[in-house]
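Structural features, examined
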Amino acid sequence: MIVDADDLLSCNIAKFVTQYPECYGWCIDKGYEYREGTKYIYYMKSKFYDKCGSCNIIRFDLLDKYINADVADITNSDIADIGGFNFLHHQSIPPLMIKNGTPLEKLPFEGAVYVIDHGENMWLGAITSNMLKQANFKDLFLFKLRRFVKKMLSQRLSDSIRQTFSLYTLS
């Protein structure tokens with residue numbers, strides 16, 4: 001599993017994975033988005049893997065099979081023009097594994113927290129900045145509306161969530 005600086009994993013993942021050694025792997029479907037320094041967290045009840053790159057858990061013995069896979073082998077891909085597959089294109093891993101007969105299961109619990117606005121997730125910042133500069137009125141309105149709705153649907157950050165994901169204020 002590839003994990004980067006803006007993601008926090010559930011303390012339950014390692015124990016769960018070791019209980020199912022025959023499984024090809026898991027895709028994190030449920031998780032949270034957390035804005036650094038706030039007291040609230042947004043629950044993503046599905047498609048967490050579309051937002052966060054630390055979302056695929058692949059059985060170790062399968063890595064050699066996929067590490068050099070050609071992106072062009074992935075059907076319905078927006079990244080087919082990029083030569084070679086390097087696990088950075090996290091949305092493409094599940095379809096590739098299905099195509100090769102090694103499908104990922106959905107992790108049956110919240111697997112990660114995607115932390116935003118802390119300076120480490122430059123990709124999200126670049127997308128947001130680009131959106132604000134180049135968007136037409138409708139796109140900008142929808143972008144800000146989604147941000148507002150997320151804020152309204154966020155829940156108070158509980159001690160249980162803090163403990164499960166080792167989520168502590170950075171100072």
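Refer to the structure presented above.
Throughout what follows, the structure given in this document is the object of discussion. (Residues numbered from 1 in each chain as written. Predicted model: local features only at pLDDT ≥ 70, side-chain atom pairs only at ≥ 80, totals over all residues. Heavy atoms only, no water.)

Looking at the state of the cysteines
To keep it simple, the criterion reads: Note on disulfides: each one is a pair of cysteine sulfur atoms within 2.5 Å. Three exposure classes are used, based on accessible area relative to the maximum for each residue type with a 1.4 Å probe and protein chains only: buried under 20%, partly exposed in between, and exposed over 50%.
Under the counting rule described, the total for this entry stands at zero disulfides. Unpaired in this structure, Cys55 has its nearest cysteine sulfur neighbour in Cys27, at a distance of 5.1 Å. Using a relative accessible area of 1% as the deciding quantity, one classes Cys55 as buried.

Comments concerning the packing of aromatic side chains
Our working definition: Under the pairing criterion, centres of Phe, Tyr and Trp rings, with the six-membered ring standing for Trp, must be within 6.5 Å; the plane angle then separates stacked pairs below 30 degrees from edge-to-face pairs above 60, leaving the rest tilted. Going along the chain from the N terminus, every DSSP run of H or I of four or more residues is numbered as a helix, and every run of E of two or more is numbered as a strand. Ring-over charges, as used throughout, are those where CZ of Arg or NZ of Lys falls within 6 Å of the ring centre and within 35 degrees of the ring normal.
Tallied over the full model, the rule gives five aromatic pairs. For the pair Phe16 and Trp26, a centre-to-centre distance of 5.4 Å together with 70 degrees between the ring planes defines the contact as edge-to-face. Residue Phe16 is located in helix H1 (residues 13–18), and its partner Trp26 is located in strand S2 (residues 25–27); the two are separated by 10 residues in the primary sequence. Given a relative accessible area of 14%, Phe16 falls into the buried group. Measuring from centroid to centroid gives 5.8 Å for Tyr32 and Phe165, while their planes differ by 75 degrees, and the two rings are edge-to-face. On the criterion of sequence distance, the pair formed by Tyr32 in strand S3 (residues 31–35) and Phe165 in helix H7 (residues 159–165) is long-range, its members being 133 residues apart. Three or more aromatic residues joined by ring pairs make a cluster, and in this case those are Phe16, Tyr20, Trp26 and Phe109. Directly above the aromatic system of Tyr40 lies the positively charged group of Arg156, at a separation of 5.5 Å from the ring centroid.

Topic: the sheet that holds S2
Whether parallel or antiparallel, the strands of a sheet pair through hydrogen bonds between backbone atoms. Operational definition: One bridge is not enough; two strands pair if DSSP finds at least two bridges between them.
Pairing in this open sheet of three strands is mixed, and the strands run S5-S2-S6 from one edge to the other. The open sheet is flanked by strand S5 (56–58) and strand S6 (105–106), the only strands paired with a single partner. Summarising the sheet, S2 and S6 pair through two bridges and their orientation is parallel. Residue Cys27 lies in a different strand from S6, and its bridge partner there is Lys106.

With respect to the pairing of strand S7 (residues 112–116)
A large share of S7 lies buried, amounting to five of its five residues. Because side chains alternate across S7, one face comprises the buried residues Ala112, Tyr114 and Ile116, and the other comprises Val113 and Val115, equally buried. Sheet topology note: the strand S1 (residues 7–9)/S7 ladder contains three bridges and is antiparallel. For Asp7, the partnering residue across the bridge sits in S7 and is Tyr114. Sheet topology places S3 next to S7; five bridges connect them, and they run parallel. Bridging across to S7, Tyr34 finds its partner in Val115.

Focus on the environment of Met1
Put simply, the test is: Contact criterion: two residues are considered in contact whenever any of their non-hydrogen atoms come within 4.5 Å of each other.
Inspection of the secondary structure puts Met1 in the segment before S1. For Met1, a relative accessible area of 39% translates into the label partly exposed. Spatially, the C-alpha atom of Met1 lies 9.8 Å from that of Trp26, the residues being 25 residues apart in sequence. Discounting chain neighbours no more than four positions away, the residues touching Met1 are Leu9, Ile28, Ser54, Cys55, Asn56 and Ile57.

A word on the nonpolar core
The criterion, for reference: Put simply, a nonpolar core is a bunch of buried Ala, Val, Leu, Ile, Met, Phe, Trp, Tyr and Cys residues held in one set by side-chain atoms that sit within 4.5 Å of each other.
Counting residues in hydrophobic clusters, the biggest one holds 15 residues, and the most contacted among them are Ile13, Trp26, Ile28, Phe48 and Leu107. Elements with a minimum of two residues in this core: H1 and S7. The biggest single contributor to this core is S7, with three residues. Setting aside residues no more than four positions away along its own chain, Trp26 makes contact with Phe16, Val17, Tyr20, Cys55, Asn56, Ile57, Leu104, Glu105, Lys106 and Leu107.

Topic: unusual backbone geometry
In this structure, Lys47 takes a positive phi of about 60 degrees despite not being glycine. Inspection of the secondary structure puts Lys47 in the loop between strand S4 (40–44) and helix H2 (48–51).

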